[in-house]
Amino acid sequence: MSTSLKIDFVSDVSCPWCIIGLRGLTEALDQLGAEVQAEIHFQPFELNPNMPAEGQNIVEHITEKYGSTAEESQATRARIRDMGAALGFAFRTDGQSRIYNTFDAHRLLHWAGLEGLQYNLKEALFKAYFSDGQDPSDHATLAIIAESVGLDLKRAAEILASDEYAAQVREQGQLWVSRGVSSVPTIVFNDQYAVSGGQPAEAFVGAIRQIINEAKS
C-alpha cells in the first residue's frame, strides 16, 4: 500500500543548494517508486528580499553577506559545479555573475502552482539563472520562461505588470519563517518532518522510509 506524502519544498530560485536538494529528493522518490504517493509544493523563501533591481555582483554579495574571500567563493562555486554535473545539472555561474531579486519569480511560481505547472517552471527558472545566465527579476525574461513550460505568455505578462499574488507570496514566505525556516532548501514532509540542505538521495530515502514506518505503526 502506498503512503501519501505531502512535500513542502521551501526554496529560492537563486539558491544552488536548492537544485542539489531537489535532484536528491526526486531521485529518492524514483527509488521509492510505488511505496509513496508524493505531491511537491514549492514554497517561497527570499534569500535577498532587499536586493535592488540591478542586482549585485556575486563575489561582492557573498563577501558582504558571509565574509567569504573571492578565493573561497570561487572554490565553493567549483564544488557546486561538480556536484551539479554529477546530478545532470550545468552550473555556469562565475565571478562576473549577479545575484538578483526573486520576488516576481515567486509570484509566477504561485500562479504556476494553480495551473499545475509549478515543478516545470521551477526547473526552468533554475536553468535560466544558473545555466543560461539570465536575470530572474526581468519581466520579459520571466514571461518567456513561463511560456516555455506551457503557461500563457500574455497572462504571465499581466501578472508581472501588476501586484497579483504578491500578498499570498509574502504571507507564505512569512509563514515558513515563523515555523523556523532560516535557510534553504528546507523540505517539510506531511507538515511535521523536516530535512534541510542539499542532501543526496540516500538521505531522503532514509527520512521518507522512517515516515512510512511511523505511519504504519
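Preceding this section is the structure that the text describes.
Notes on the structure follow. All residue numbers refer to positions counted from 1 along the written sequence of the respective chain. At least 70 in pLDDT is required for a residue's local features to be given in this predicted model, at least 80 for side-chain atom pairs to be given and counted, and no such filter applies to totals for whole chains, interfaces and linings, which use all residues. Remark: hydrogens and water are excluded; side-chain values derive from all non-hydrogen atoms of the structure.

In this structure, the largest pocket encloses a volume near 510 Å³. Along the wall of the largest pocket there are 25 residues; nearest its centre are Pro16, Trp17, Ile62, Tyr66 and Ile80. Mapped by element, the contributors of at least two residues to the lining of the largest pocket are helix H1 (16-32), helix H2 (58-66), helix H3 (70-86) and helix H5 (118-131). Of the residues that constitute the lining of the largest pocket, the class distribution is 13 nonpolar, 9 polar and 3 charged. In this analysis, the protein atoms alone were mapped onto a 1 Å grid. Cavities are point sets where a 1.4 Å probe fits without being able to get out; pockets are open sets with protein on both sides within 12 Å along at least five of seven lines; lining residues have an atom within 4 Å of a point. Grid points are joined across faces, edges and corners, and a volume is the space filled by probe spheres set on the points. Helix numbers and strand numbers start at the N terminus; a helix is a DSSP run of H or I with at least 4 residues, a strand a run of E with at least 2. Lys, Arg, Asp and Glu make up the charged group, whereas Ala, Val, Leu, Ile, Met, Phe, Trp, Tyr, Cys and Pro make up the nonpolar group; the residues left over, Gly among them, are polar.

Let's shift gears to unusual backbone geometry. That bond from valine 184 to proline 185 is cis: its omega, 0 degrees, falls within 30 degrees of zero. Topologically, proline 185 is positioned in the loop between helix H8 (166-178) and strand E5 (186-189). With a phi angle near 50 degrees, asparagine 190 is a residue other than glycine that sits in the positive phi range. Structurally, asparagine 190 is set in the loop between E5 and strand E6 (193-196).

Right, let's get into H1. Given a helix with a known number of residues, its expected span is that number minus one, times 1.5 Å. In this model, H1 (17 residues) spans 25 Å end to end at C-alpha, consistent with the 24 Å of a helix rising 1.5 Å per residue. The buried label applies to any residue whose accessible area, calculated with a 1.4 Å probe on protein chains only, is under 20% of its type's maximum; exposed applies above 50%, and partly exposed to all values in between. Of all 17 residues in H1, 13 are buried, a share of seventy percent or more. Count one or two residues on from H1 and you reach glycine 33, which has phi positive near 50 degrees.

Take a side-chain nitrogen of Lys or Arg and a carboxyl oxygen of Asp or Glu: if they are within 4 Å of each other, that pair is a salt bridge. A complete count under the given rule lists 9 salt bridges for this structure. Residue glutamate 35 is joined to arginine 209 by a salt bridge in which the shortest nitrogen-to-oxygen separation is 2.7 Å. One end of the pair, glutamate 35, is in the loop between H1 and strand E2 (36-44); the other, arginine 209, is in helix H9 (residues 201-216), and 174 residues separate them in sequence. Under the relative-accessibility criterion, arginine 209 is labelled partly exposed at 37%. Of the charged contacts in the structure, one is a salt bridge between aspartate 104 and arginine 107, with a shortest N-O distance of 2.9 Å. Of this pair, aspartate 104 and arginine 107 both sit in helix H4 (residues 103-114), 3 residues apart, which is roughly one turn of the helix. Overall, the relative accessible area of 18% leaves aspartate 104 in the buried class. The class of arginine 107 is buried, set by a relative accessible area of 2%. Shared partners join several salt bridges into a network, and the residues in it are Lys154, Arg155, Glu158 and Glu164.

Strands pair, by our definition, only if DSSP identifies at least two bridges between them. Pairing in this open sheet of 4 strands is mixed, and the strands run E2-E1-E5-E6 from one edge to the other. Of all the strands in the sheet, just E2 and E6 have a single pairing partner and so form its edges. For this sheet, the mean inter-axis angle between neighbouring strands, taken without regard to orientation, is 20 degrees. Here 4 bridges tie E5 to E6, and the two strands are oriented antiparallel to one another. Note on E6: the bridge partner recorded for valine 188 is alanine 194. Lying over the sheet, H5 contacts strand E1 (3-11) and E2, oriented at roughly 55 degrees with respect to E2. Only the stretch in contact is used when a helix axis is fitted, and all axes are lines through C-alpha atoms; the angle between N-to-C directions ranges over 0 to 180 degrees. The contact criterion used throughout is that any non-hydrogen atoms of two residues lie within 4.5 Å.

Turning our eyes to something else, we now look at the nonpolar core. The biggest cluster of nonpolar side chains holds 42 residues, and the ones touching the most others in it are Leu5, Leu25, Phe189 and Ile208. Elements supplying a minimum of two residues to this core: E1, H1, E2, H2, H5, E5 and H9. Looking at this core element by element, the count peaks at 8 residues for H1. Ignoring anything within four residues of it in the chain, the contact list for leucine 5 reads Leu29, Val36, Gln37, Ala38, Glu39, Phe189, Asn190, Ile208 and Ile211. With 21 residues, the next largest nonpolar core counts Leu117, Leu142, Ile145 and Ala146 among its residues. We call a set of buried residues a nonpolar core when its members are Ala, Val, Leu, Ile, Met, Phe, Trp, Tyr or Cys and they connect through side-chain atoms within 4.5 Å of each other.

A few words on the packing of aromatic side chains. Aromatic rings from Phe, Tyr and Trp, taking only the six-membered ring of Trp, are treated as a pair when their centres fall within 6.5 Å; an angle between ring planes under 30 degrees marks them as stacked, one over 60 as edge-to-face, and anything in between as tilted. For the coordinates displayed, the defined rule picks out 6 aromatic pairs. Measuring from ring centre to ring centre gives 5.7 Å for phenylalanine 42 and tyrosine 119, while their planes differ by 50 degrees; the resulting arrangement is tilted. Here phenylalanine 42 is found in strand E2, whereas its partner tyrosine 119 is found in helix H5, with 77 residues between them in sequence. Accessibility expressed as a relative area gives 6% for phenylalanine 42, which makes it buried. Given the relative accessible area of 31%, tyrosine 119 is considered partly exposed. On the numbers, 5.3 Å between centres and 80 degrees between planes, the contact of phenylalanine 91 with phenylalanine 130 is edge-to-face. With a gap of 39 residues between them, phenylalanine 91 in the loop between H3 and strand E4 (98-99) and phenylalanine 130 in helix H5 connect regions that are remote in the sequence. Lying across the ring of tryptophan 176, arginine 179 places its NZ or CZ 4.7 Å from the centre. A ring is scored as having a charge over it whenever the NZ atom of a lysine or the CZ atom of an arginine sits within 6 Å of its centre and within 35 degrees of its normal.

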